[in-house]
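Observations on the model geometry
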Amino acid sequence: MFKSGVAQPMDENAAQRKHLVTKNAANFKHGLKQAALVERKPNISQLTHQTTKPDDDKFPSSTTYFGGGDTLMSVDCAEDVDKYMRYIEIIYKVPEDYLKDRKSVTGRMRQILADWLFHVQARFDLLNETLSLTINLLDRSLIAMADSINKENLQLLGVTCLFISSKYEEIMVPNVEDFVSISGGVFTKEELFLMEQKVLNALNFELGAPHAIQFLRRYRFYVEPDNQTYQFSKYICDVASVCYSLAHFSPSTVAAVAIWLASYAFGRTLDSKFLFDAVFKLSQKALLSTARCFVDHVINLADPEEAKIYALRQKYQELALDDFTDEHISRLNDFLDYGVYLSHFQVLP
């Protein structure tokens, strides 16, 4: 007879089975986390759906793949999903310069907080979707909770939005104590829970905002950029998340500008009418005009002299910015120059 609370001895086979079960469970959890971090890219060998592109020598192939056999990418209802995302992005869009009449919180403060959230994302290995949703919740909360948010609780609001987004997007969510710890203990977990309630009530629990990275993944199938261009496109999307002056642009527009501007910086000009009309669903004139708003921010945030904004630069230093040379900066500056802009680009009808 064994005493209560004392483990009973196991035979050798039972002990080995328990060890294998524990090990497999740990490997399974690790595998789930790694799967969440992998870029959601379709398996070309399992493609089940193709969309024929018109004859256009600007594209490297005659067909484009959208969705394929990857269940994470919509196939049969791709167009319906795209229409729905473009519909709801209007609902969750924030006004331009929405902090202009605020004294307690400025655009610069919001920008520094957004960059710091990139640091937290890197520390916790969170998805790009999680951070994108965080920035959207942050902007909308700053509008909906204008009377109660100031510089004293701005960081708490940012961390709370990240906490909510993690539970919405992630498979494995960091503990609430981790969010408190990474913030230097300037607030308690009880304060975080209270702010979570306030944010959710202020936003009426409406959390399903689309992300620029989702549109970018779709555009990638049509543009077929190389990895260098695609990584730089993702950098531009995140620049739009950090920069307060770009916060009002819709995710579909941000993604279109990102992949167009990245392609242009690395020597390829996208000027297909099909691309603008059927994929970007944005006129060439509107895209070029919007892209010119992005150029200064894309260049400045890549500059190490910008000391206040560093986490975004660290994230993309090896992925994209190491290949972003003076030659590419010169091309973007030429594009920014209005005379060169007019002489090089013949706007499509």
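Quantities reported herein were computed from a predicted structural model and do not represent experimental measurements.

Rules used in this analysis
Residues numbered from 1 in each chain as written. Predicted model: local features only at pLDDT ≥ 70, side-chain atom pairs only at ≥ 80, totals over all residues. Heavy atoms only, no water. Helix = DSSP H or I, 4+ residues; strand = E, 2+ residues; numbered from the N terminus. Buried < 20%, exposed > 50% of the residue type's maximum accessible area, 1.4 Å probe, protein only. Contact = heavy atoms within 4.5 Å. Areas by Shrake-Rupley, 256 points an atom, 1.4 Å probe, with all protein chains shown as cover. pLDDT = per-residue confidence, 0-100. Polar contact = N/O pair within 3.5 Å; in protein donor to acceptor, adjacent residues only side chain to side chain. Axes fitted to C-alpha atoms, helices over the stretch in contact; angles between N-to-C directions. Parallel < 35°, antiparallel > 145°, perpendicular 65-115°, else oblique. Left-handed = near helix turned anticlockwise from the far one by under 90°. Nonpolar A, V, L, I, M, F, W, Y, C, P; charged D, E, K, R; others polar. Salt bridge = Lys/Arg side-chain N within 4 Å of Asp/Glu carboxyl O. Core = buried A, V, L, I, M, F, W, Y, C linked by side-chain atoms within 4.5 Å.

**A short note on the overall build of the protein chain**
- If you tally the helices and strands in the protein chain, you get 15 helices and two strands.
- Residue burial in the protein chain is summarised as follows: out of 349 residues, 48% are buried.
- In the protein chain, the share of contacts with a sequence separation of at least 24, taken over all contacts with a separation of at least 6, comes to 76%.
- Surface summary for the protein chain: the accessible area is close to 18,100 Å², and the carbon and sulfur share equals 51%.

**Re the confidence of the model for the protein chain**
- For the protein chain, the average pLDDT comes to 77, and 72% of its residues sit at 70 or higher.
- Note on residues 1-12: pLDDT under 50 across the span, and four contacts to partners over four residues away in sequence or across chains.
- Contacts of residues 28-72 to residues separated by more than four positions or lying in other chains number 82 contacts, the stretch itself having pLDDT below 50.

**Some remarks on the side chain of Ser165**
- Tracing the chain through its elements places Ser165 in helix H5 (residues 154-169).
- For Ser165, a relative accessible area of 0% gives the class buried.
- Only 3.1 Å separates the side chain of Ser165 from the side chain of Thr134, close enough to count as a polar contact.
- Look past the residues within four positions of Ser165 in its chain and what remains in contact with it is Thr130, Leu133, Thr134, Leu137 and Glu170.

**A short note on the packing of helix H3 (residues 107-124) against H5**
- Orientation of H3 relative to H5, taken along the N-to-C sense of each, is 45°, at an axis distance of 10 Å. Taken together, the axes of H3 and H5 are oblique relative to one another. The hand of the H3/H5 crossing is right-handed. Touching Met109, Leu113, Trp116, Leu117 and Val120 of H3 are Leu154, Gln155, Gly158, Val159 and Leu162, all from H5.
- Tallied by class, residues from the contact of H3 with H5 come to eight nonpolar, two polar and no charged.

**Side note on unusual backbone geometry**
- For Asp125, which is not a glycine, the phi torsion comes out positive at approximately 55°.
- Asp125 sits in the partly exposed class, given a relative accessible area of 42%.
- The phi dihedral of Lys281 is positive, around 55°, even though this residue is not glycine.
- Structurally, Lys281 can be placed in the loop between helix H11 (273-280) and helix H12 (284-300).
- For Lys281, a relative accessible area of 33% puts it in the partly exposed group.

**So, the pattern of salt bridges**
- Scanning all chains against the criterion turns up 11 salt bridges.
- Asp82 is the salt-bridge partner of Arg86, the closest N and O atoms lying 2.9 Å from each other. In this pair, Arg86 and Asp82 are both assigned in helix H2 (residues 78-91), four residues apart and thus about one turn of the helix distant. Considered together, Arg86 and Asp82 belong to a single accessibility category, that of buried residues.
- Residue Lys189 is joined to Glu177 by a salt bridge in which the shortest nitrogen-to-oxygen separation is 3.4 Å. Within this pair, whereas Lys189 is found in helix H7 (residues 189-202), its partner Glu177 is found in helix H6 (residues 176-182), the two being separated by 12 residues in sequence.

**Re the environment of Asn153**
- Secondary-structure assignment places Asn153 in the loop between helix H4 (128-144) and H5.
- What makes Asn153 buried here is its relative accessible area of 16%.
- A sequence separation of 33 residues divides Asn153 from Val186, and the C-alpha atoms of the two residues are 9.5 Å apart.
- What Asn153 contacts, discounting residues up to four positions off in sequence, is Ser148 and Met195.
- Of note is the side chain of Asn153, whose polar atom sits 2.9 Å from the backbone oxygen of Ser148.
- At 2.8 Å, the side chain of Asn153 and the backbone nitrogen of Asn150 are in polar contact.

**Focus on the nonpolar core**
- The biggest cluster of nonpolar side chains holds 97 residues, and the ones touching the most others in it are Leu261, Phe280 and Phe294.
- The biggest single contributor to this core is helix H10 (residues 251-265), with 11 residues.

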